Each structure stands twice: as structure tokens, then as C-alpha cells.
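# Observations on chain architecture
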Amino acid sequence: MIVELGHFALILALCMAIIQSIFPVAGAAMGNVVWMSLARPAARVQFCLIAIAFAILMYSFVVNDFSVAYVAANSNSLLPVVYRISAVWGAHEGSLLLWTLILSIWTVAVTYFSRNLSDVFSARVIGVMGLISTGFLLLLLMTSNPFERYFPAPMDGGDLNPLLQDFGLIIHPPILYIGYIGFSVVFAFAIAALLGGQLDSAWARWSRPWTTITWMFLTLGIALGSWWAYYELGWGGWWFWDPVENASFMPWLAGTALIHSLAATEKRGVFKNWTVLLAICAFSLSLLGTFLVRSGVLTSVHAFATDPTRGLFILCLLGIVIGGSLALYAWRAPTTLKGGSIKLVSRETFLLINSVFLTVAMATVLLGTIYPLIIEAFGQGKLSVGEPYFNAVFVPLMVPVAVVIGFGAQARWGEDSAGRLWRHFRFALFGSVVLGFLMIVMLAESTMFKTVLGVSLSIWIIWSILISMRLRLQQQQQGWYALHKLPSRFSGMCLAHIGFAITIIGITITSQYSSEVHKRMGPGDTVELAGYSFKLESIQQKQGPNYQASEALMRVYRNDKLVTSLYSQKRHYPVRDMPMTEAGIDSGLTRDLYISLGEPLDGGDWSIRIYYRPFVRWIWFGAIFMALGALLAALDKRYRIAVRHKETATIEDGLAEKA
Amino acid sequence: MFVMNPKRRKVLFTIIFIVMGMGLATALALKAFQENLLYFYSPMQIKNGEAPTNRAFRIGGLVVDGSVQRDQQSLVVSFDLTDTLYNVTVNYDGILPDLFSEGQGIVANGRLDEDGIFKATQVLAKHDENYMPPEVAQALADAGAQIPTDHLKAQK
């Protein structure tokens, strides 16, 4: 009975979403205040209904109600409770429900934080979000109802995919989804502004904190996914340029470009066209990501058994969103978007270079990801684009981005002099190259152009950011002790860029100096790798709550001294008859030691992978810095004050633009 | 050029940046693209001599029951892949993915040697035991084979 209530709540939520999308937008067009005022209550009621549905599905998992087909397919009475809860979003139907729940949470957040916006504008924003929600609720109810019953109910469930029985899965999808869907807010802002014909600085200022917070979640989500793949797949890799990884990375690149372009639009009223396009682009790419993951059109390590009709539905949704918003853009842009002008040496220029390169990088990733699909659609054969393509194209495009960061953070708005920048940065420019070279010479036997380049660029970013911070403090006649007094949007920006540099260091060193060996080993055998000797002590049988495991104990020595003991398991989950590898990892600031069991071979031997991964943690540390930076920037007082005095701000901006 | 009116100058610079970026990306992309496109060939196409011998490609099919042979000293393994009409022998030196088993649909990257044996550099794993790579499903359909019923069920 309670399950049917969940289904019913979803249907009601769809009705609410339709009300939320039709009345406010129509009301805004016709000046009907009553219709516009429906936006907020409809959005809040919709949220409550979806939350009820979500809670009911979760309840069905916790009490093992296997008469629900989705629960029966993805849970088991032996599954620990925490995984039963996370199993709610472990497969297609539930993750779509999570999608709509998060969308409604973002919408409710907009209803609370938009009280200072004009009624017309906020009605349009909430209306557009209602439209998106309508599309997804339809998809959910028509093709993937999580509350479908299954008669007769099976005695026990089919268990959750063992790969997903992990802490990473509990948090990775929700955080990634919050990031994906957050772009719907920025998208709705852009569409509302196009509809109303007011793309002013106030619009850009409004969009900025939302974009930054969204980007923070997306950064964390991608980093978590990378970390999860690293320890859970047992391949010792942290990024595979897999279509599904690319699907989350493309909105990130577009979002990063958007953040920088928005800054220029807000401060100087320039690049409005570009900013609006990026906002549309970021959200469309999020939808594309959903389509790629959920349609099963791609051969990917992430591909799960899927249903083609769902893919078609999402593709239609994608077509409507991209087609509709671009048509609106083409119709409204010529009249609403009047850009200012920019000077060659100015912060605007650096921001523009940055966002162009990021967008081009995004386009190359997009090309490599969907090219196989296009070729196949035209019947030209089946193919895939190999990993080396992405590395060969993407990495060189990030070099100018990294170089520009240092200048961009310091250059003045409007116009700056090349001489001034040169005076401040000449030592940092040469110093970072020399220092990068010295560090590589000291740390490693072999020097490679790529490593020196990567490390030098990172040092350049950190050095130039520190110079910008010092100059900023000097301006206020303060020393480093007054660091906390800097405006938080500025410190946030610095922190995020330093995080980017840390990630580059991690990527550079891990890709160039990692080593690995795949070996056939029996108990007592020893393997040498990167100055460590790995001795396989034993392989024992273990019993888990819902699996059996063979556990290898490996002791690692360096110069005959014990460094660590690593345990790696090969698990067998009988319900799904599925094997799973648990890697054994000893993590450290400068290196990870990593083992994972392969397959049992004859005579008690096993195939074993052993990896040495220097600086791999830095990749994720950097991401944490970037996320913290984004949080700091989004919490800046300016946005809150600006909101409170929106009226004055708009007038000031108007004056500034005239001047 | 520097006396151009500001609006025109802005447009000019924007265009220059975009053209520069696009040009660089296109050059890099095309070069890398040509080197890294992996075409897919089914066992039937390989037997018909359609597959190239001078470059890497992808192969897919079902692992033939009882065909998996392991070397006793190393990690070298060989197995046959079938589209139910034709078989191709695959050699691989490395650790097979967790979900590799006889009867399972798999995809491998590598090259064809002179003896018609496929030297795999990578054997791809899936996250889901019911998952059938789309290429493999197509190869089986081309060979006129019935896709095993449990895979059909999983597609529902």
C-alpha cells in the first residue's frame, strides 16, 4: 500500500511541475500577478511530494520489500543496511528519482534565495526549472517507474552490484548529481533573462554564486569518482577517458569557462553572448551526460544493461532543451545583448583566452566522445577513440590556460600595461622554469620535457598567485599576517587556482613516474618494484556478510625494513555469481603502494598487479582545494549585500555602463 | 590597426583568439584522431579478410567454452572468440578482468598477426554481469546467432 502512495506522490509531483512550468511563465508574459505567485508554492509542494516518494523507496529497501521490482533487482536481505539505503540510487530508476529530487531541492533553494529578485524574473526562473522537472518526471513515470510491483514477489532479492557496495558509491552519485543539476539554475537564469530581455550585470552577479557552488559540487563529484575508480576497480588508474567520465568532465570544463566569463560580464558588461551560450552549453552537456550514461549507446566500463526507449526519451528531452534554448538565443540575443568593448591588455582579455581554450578543450573531448556514435549512426562502421587521442589533444590545450592564470589574477579590469605585468612577473616566469627543472633533477633520475613543463607550470601558477596576494595586501598596507582580511572571493579564487596547480603536479608526476608489474606469484614469492620489495606472505579464505573472499597478505620492505602490510581480496558474491577485487593500498603524501589480486592460477599461484603511484594523492588534494576555494568565493559578502541592495546595484551598474 | 574603433577591435580579437584556438585544436585533434581510431571487426569480418593487419583494432565476441588455455609459468593466456559462425584465437599477456569467463561477451583491443592470431593489448571489463557490449550483440546478430536469453532479459 505504502509503495502505491509513493507512485501516487510522483504523479502528483508531475501535476505540480506542470503547474509550476505553465502558470508562472504565462503569468510573467501577461502580467498576471496571481499566476506568477503560484511559482514558489508549486515548487515547494513538488519538492515535498518527490521527497515523500524518495523516502518511501528508501523505506522499501530498508524493510526488504521484494514485491517492488526495483528493490528485488538491486537488494538482498543479506545486504548491510547502509548499502540498502545507497542501493536506492544504485541503478537506473532510483538514480533518476534522485535526479528529480535534487532538481527540486535546487528549485526550492531558488525560491528561498530569490526573494530580492523581481517577481517577473523569479517566476520565469522557477517556471523554466519546472519545465525541466516535468520532462524528467515524465521520463521517470513513463519509462522507469521505481515503484513497479512484481508478482509473485521473489523470496529474496538479486543483490546490489558488488562494485557499488562501497563507501564511494554512497556519496559519489549524489554529489555529482548536485553538480550536474545545479547548472539547471544557471540555465534557468539565462533563459529567464533572454525571455525578459534583461541581460545586465545584476543577472551576472546573480548567476555567479549559483555557478560557483554548482562547480564546487561537480569538482568534488568528479574527484570522488576518480578516487573511487582508483581503489575499487583494481586497475591502479585514476582517469580512463571513458565516455562516462568525459560526460561529467565536459560540463565541468564548460562550467569553469562560465565562471570566468561571468566574472567579466558582471564587472565590465562584456562577453554577454558568450556567457549566455556557456550557460546553455553547461546544462546541455549535463543532460548529454545523463543520456550517455543512461542510454547504453556507448561501450564503456560504466555501461550497465539499459533500455533503449529510455535513451530515446532522454535524447528527445536533450533535443528540446538544446534546440529550444538556442532558438530563443538566436531570436532574443541580437536585441538584448549589447556588449561593451575590451582593451588588449586587461583582465577581460585573459579571462577570454582562458574560456576560449577551456571551451575548445571541451569540444575536443566532445568530439572524441560522440564521434563513434555519429559514425555509427551514418552506418560507417563501429569504432572507438583511444585514450592516447585525449591525452595528445587535451594536455597541450591546458598549457596556455595554466600560463594565463597567473596574469589573469593580477591584470586590472579595463586596461592594464604590459610593462607593469612584466615588472611584477618576470622573476616568477623564469624562476618557475628553473625551479621546475631543478626539482625534477633532484627527485628523479630521468628528466622529461613533459614533467619539467608540468611542474614549472604549477610553480608558475602558485608563485604568481602569491605575488597577486602580496600586491593586494600591499595595497591595503598590510603584511601576510592580514591574510584573513582579504575579501573571501579573492582568497577563494587564489585557493582554487593553487588547487589547480596541485592537481597538475599530481597528474604530471603520476603519469610520468608511475611503475607497475603484473606477475604470477605464489606464497613466499618476492617482486621488486621502484625500490620496494613486495613479498606475498599468504593467501587465506575469508567470509564476509554476503560474500566469500580470498585474501592476500603482502609485506612490503624497503632496504630490508618493513614499510607496510597490504591486504587485497578477491571476493565472490554468490547471489549475483559475480567476482570483485578489493585493492590493498598504502597511501602517502609522495607515493601510493597498491596491490590487487588477479585470478587464481594452477598450483596455488595467483596473478597479481602491483603498482607504484607517486604523488597520486595530489590530484584529489588539488580538487579539495579547488572546491574549498569555490565555497569561499561563493560565500563572499558582496553577493549577499548586492542582493539586499539589488535596486541600488542595478542603478550603479547602469551608470557605470554609461560612463 | 590600433586606431580601429573599439567595437571592431574587440570583434577582431575575439575572432583571432577563436581561430587560433580552433586551428590549434583541429591540427592536434586530426593528427591524434588518425592515430587513435580503433575500428571494430567481428570474427566473421576477420575471416573474410576485412580486418587490417597493419594497425590496431577492436574485436568482440563470446569466449568459446573450454578454449581458455593458460601458460604454466607466466600470465600468457589464449582463448577463442566466436560470433557462433567463426572463431578467432586471441593471445593476451596480462591479467584478465574480473568478469571474464567462458561464454561471456567481451571486447579486446590489439592487432592481428600473420598467422591470423589476435594479439590483445587490452581485454575490456564490464561493471555488470548481464551487460552485453553493443558491438558483440551486433556481431552475433550479423552471424545470425540467437543472443543468449539471459542477455535479452537484461536488456528489458
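Residues numbered from 1 in each chain as written. Chains lettered and ligands numbered in written order. Predicted model: local features only at pLDDT ≥ 70, side-chain atom pairs only at ≥ 80, totals over all residues. Heavy atoms only, no water.

Per the secondary structure count, chain B includes four helices and seven strands. Written out in order from the N terminus, the α and β elements of chain B read α-β-α-β-β-β-β-β-β-α-α. Per-residue burial for chain B yields a buried fraction of 47% across its 156 residues. Nonlocal contacts in chain B, meaning residues at least 24 apart in sequence, comprise 50% of its contacts between residues at least 6 apart. (Helix = DSSP H or I, 4+ residues; strand = E, 2+ residues; numbered from the N terminus. Buried < 20%, exposed > 50% of the residue type's maximum accessible area, 1.4 Å probe, protein only. Contact = heavy atoms within 4.5 Å.)

Side chains of nonpolar character tend, in soluble globular proteins, to be buried together. Membership of the largest hydrophobic core comes to 182 residues, with the highest contact counts inside it found for A:Trp99, A:Phe189, A:Trp203 and A:Ile461. Top contributing element to this core by residue count: helix H8 (residues 167-196) of chain A, with 16 residues. Among all residues touching A:Trp99, those that are not within four sequence positions of it are A:Phe136, A:Tyr177, A:Ile181, A:Phe283, A:Leu287 and A:Thr290. Counting residues in each nonpolar core, the second largest holds 20 residues, with B:Ile59, B:Val63, B:Val77 and B:Phe79 among its members. (Core = buried A, V, L, I, M, F, W, Y, C linked by side-chain atoms within 4.5 Å.)

Before going further, it helps to spend a moment on the sheet that holds strand S9 (residues 591-600) of chain A. All names here are of chain A. Pairing is antiparallel in the open sheet, where four strands are placed in the order S2-S10-S9-S8. With one partner strand each, in any of the chains shown, strand S2 (515-521) and strand S8 (584-586) form the two edges of the open sheet. On average, each strand axis in the sheet is inclined to that of its neighbour by 15 degrees, with strand direction left out of account. Here S8 runs beside S9; their pairing, made up of three bridges, is antiparallel. (Pairing = 2+ DSSP bridges. Axes fitted to C-alpha atoms, helices over the stretch in contact; angles between N-to-C directions.)

Quick look at the confidence of the model for chain B now. The predicted model of chain B averages 78 in pLDDT, with 83% of residues at 70 or higher. Across residues 149-156 of chain B, confidence stays below pLDDT 50; counting only partners more than four residues off in sequence or on other chains, it has eleven contacts. (pLDDT = per-residue confidence, 0-100.)

Turning next to the sheet that holds strand S4 (residues 532-543) of chain A. Residues and elements named next belong to chain A. Taken in spatial order, the five strands make up an open sheet running S3-S4-S5-S6-S7, and their pairing is antiparallel. Each having just a single partner strand, strand S3 (526-529) and strand S7 (578-582) make up the two edges of the open sheet. Looking at each pair of strands side by side, their axes are set apart by 25 degrees on average, direction ignored.

Attention now moves to the environment of A:Lys272. Structurally, A:Lys272 is set in helix H11 (residues 272-295). Residue class for A:Lys272 comes out buried when judged on its relative accessible area of 7%.

Turning next to the packing of helix H3 (residues 39-62) of chain A against helix H6 (residues 92-113) of chain A. All names here are of chain A. Interaxial distance between H3 and H6 falls to 9 Å at its minimum, and their mutual angle equals 150 degrees. The angle between H3 and H6 places the two elements in the roughly antiparallel class. Two packed elements cross with a definite hand, and for H3 against H6 that hand is left-handed. Contact residues: Arg-40, Ala-43, Arg-44, Gln-46, Phe-47, Ile-50, Ala-51, Ala-53, Phe-54 and Leu-57 in H3; Gly-94, Leu-97, Leu-98, Thr-100, Leu-101, Ser-104, Ile-105, Thr-107, Val-108, Thr-111 and Tyr-112 in H6. Tallied by class, the residues present in the contact of H3 with H6 amount to 13 nonpolar, six polar and two charged. (Parallel < 35°, antiparallel > 145°, perpendicular 65-115°, else oblique. Left-handed = near helix turned anticlockwise from the far one by under 90°. Nonpolar A, V, L, I, M, F, W, Y, C, P; charged D, E, K, R; others polar.)

With that out of the way, let us pick up a nonpolar patch on the surface. Residue and element names in this part refer to chain A. A surface patch of nonpolar side chains, about 890 Å² in accessible area, is lined by Met-1, Ile-2, Leu-5, Phe-8, Ile-11, Leu-12, Tyr-59, Val-62, Val-63 and Val-81. Taken together, the elements giving at least two residues each to the nonpolar patch come down to helix H1 (2-30) and H3. Take the nonpolar patch: its biggest share by element is five residues, from H1. (Patch = residues over 30% accessible without salt bridge, like charges linked within 9 Å, V, L, I, M, F, W, Y side chains within 5 Å. Areas by Shrake-Rupley, 256 points an atom, 1.4 Å probe, with all protein chains shown as cover. Salt bridge = Lys/Arg side-chain N within 4 Å of Asp/Glu carboxyl O.)

Looking now at the pairing of strand S5 (residues 87-93) of chain B. Residue and element names in this part refer to chain B. Burial of the side chains of S5 is restricted to one face: Val-88, Val-90 and Tyr-92 are buried, whereas none of Asn-87, Thr-89, Asn-91 and Asp-93 on the reverse face is. As judged from the seven bridges shared by strand S4 (residues 76-82) and S5, these two strands associate in the antiparallel manner. Looking across to S5, one finds that Val-77 is bridged to Tyr-92. Bridge count between S5 and strand S7 (residues 118-123): three bridges; the pairing is parallel. Counted as the bridge partner of Val-90 is Phe-118 from S7.

Residues and elements named next belong to chain A. When its domains are assigned, chain A resolves into domain 1 (1-160) and domain 2 (515-617). One C-alpha centre belongs to domain 1, the other to domain 2; they are set 43 Å apart. Summing the contributions of domain 1 and of domain 2, the shared interface buries around 530 Å²; its carbon and sulfur component is 51%. On inspection of domain 1 and its partner domain 2, the count reaches zero salt bridges. Inspection of the region where domain 1 meets domain 2 yields three residue pairs in polar contact (both at pLDDT 80 or more). Split by residue class, the side of domain 1 that touches domain 2 holds five nonpolar, four polar and one charged. (Domains from an automatic or database assignment. Buried area = accessible area lost by both parts, 1.4 Å probe. Polar contact = N/O pair within 3.5 Å; in protein donor to acceptor, adjacent residues only side chain to side chain.)

The next subject is unusual backbone geometry. All names here are of chain A. For the bond running from Phe-151 to Pro-152, omega is -10 degrees, close enough to zero to count as cis. Looking at the secondary structure, you find Pro-152 in the loop between helix H7 (119-143) and H8. A positive phi angle, close to 50 degrees, is found at Gln-477, a residue other than glycine. Positive phi is not limited to glycine here, since Asp-577 has a value of about 50 degrees. Taking relative accessible area as the criterion, Asp-577 reaches 55% and is therefore assigned exposed.

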